[in-house]
Amino acid sequence: MSFQAYLDAIEDKTGLTPRALVDQAKERGFDDPAVKAGEILEWLKAEYGLGRGHGMALVHVIKNGSQISDKHVGREGSHGDKSNMLWLDGKASKPQ
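Since this is a predicted model, take the numbers as computed values, not measurements.

What counts as what
Residues numbered from 1 in each chain as written. Predicted model: local features only at pLDDT ≥ 70, side-chain atom pairs only at ≥ 80, totals over all residues. Heavy atoms only, no water. Helix = DSSP H or I, 4+ residues; strand = E, 2+ residues; numbered from the N terminus. Buried < 20%, exposed > 50% of the residue type's maximum accessible area, 1.4 Å probe, protein only. Contact = heavy atoms within 4.5 Å. Areas by Shrake-Rupley, 256 points an atom, 1.4 Å probe, with all protein chains shown as cover. Salt bridge = Lys/Arg side-chain N within 4 Å of Asp/Glu carboxyl O. Expected span 1.5 Å × (residues − 1). Arc of directions from axis to C-beta. Core = buried A, V, L, I, M, F, W, Y, C linked by side-chain atoms within 4.5 Å. Phe/Tyr/Trp six-rings, centres within 6.5 Å; stacked < 30°, edge-to-face > 60°.

1. Details of the overall build of the chain
No. 1: Helix and strand counts for the chain come out as 4 helices and 0 strands.
No. 2: For the chain, the succession of helices and strands along the chain, N to C, is α-α-α-α.
No. 3: Out of the 96 residues belonging to the chain, those deemed buried represent 40%.
No. 4: Partitioning the contacts of the chain with sequence separation of at least 6, the portion at a separation of at least 24 is 55%.
No. 5: Just so you have it, the chain exposes about 5600 Å², and 49% of that area is on carbon and sulfur atoms.

2. Digging into the pattern of salt bridges
No. 1: Enumeration according to the criterion identifies 3 salt bridges in this entry.
No. 2: Of the charged contacts, one joins K94 and D8 as a salt bridge, the two residues approaching to 2.5 Å between their closest N and O atoms. With K94 in the segment after α4 (52-64) and D8 in helix α1 (residues 3-14), the pair connects residues that are 86 residues apart, well separated along the chain.

3. A word on α4
No. 1: Here α4 contains 13 residues, and its C-alpha end-to-end distance of 18 Å stays within 8% of the 18 Å for a straight helix at 1.5 Å per residue.
No. 2: Buried within α4 we find H54, G55, A57, L58, V59, V61 and I62.
No. 3: As for α4, its buried residues are in contact with α1, α2 (18-27) and α3 (37-48).

4. Some details on α2
No. 1: Burial in α2 covers these residues: P18, L21, V22, Q24 and A25. Along α2, the residues classed as buried sweep out an arc of 160° about the axis, all on the same side.
No. 2: G29 sits one or two positions beyond α2 and adopts a positive phi of about 80°.

5. Structural notes on the nonpolar core
No. 1: In terms of nonpolar packing, the biggest core is built from 22 residues, with L7, F30, I40, L58, V61, I62 and L86 touching the most fellow members.
No. 2: Counting residues per element, this core draws most heavily on α4, which supplies 5 residues.
No. 3: If we skip the residues at most four places from it in the chain, L7 touches P18, A57, L58, V61, L86, W87 and L88.

6. Points about the packing of aromatic side chains
No. 1: A complete count under the given rule lists 2 aromatic pairs for this structure.
No. 2: Here the aromatic rings of F30 and W43 are separated by 5.3 Å at their centres, their planes lie at 45°, and the arrangement is tilted. Of this pair, F30 sits in the loop between α2 and α3 while W43 is found in helix α3, placing the two residues 13 residues apart along the sequence.
No. 3: Through a chain of ring-to-ring contacts, the aromatic side chains of F30, W43 and Y48 assemble into a single cluster.

On their own, these measurements won't tell you what the molecule is for.
The structure is reproduced here in structure tokens:
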């Protein structure tokens, strides 16, 4: 599953765009470098029922922003993406 596909699936599961979840995380202070991934994962599981895989995709975006490593771009299979920039504003508005 590509990184973007994880984010799209999160939207399906929660009804919220990845950006909305990132904004909620920031409001809770989860973007602070001292906050561990486990704390964020606990919140995502308790509030939205997200498992570790989907949660870790959001942890990356919360901590690092929407850019991913170029090593994932154009790669086939797991974690291969078309772009090094993830779309956070919802599947319906995603450019093709």
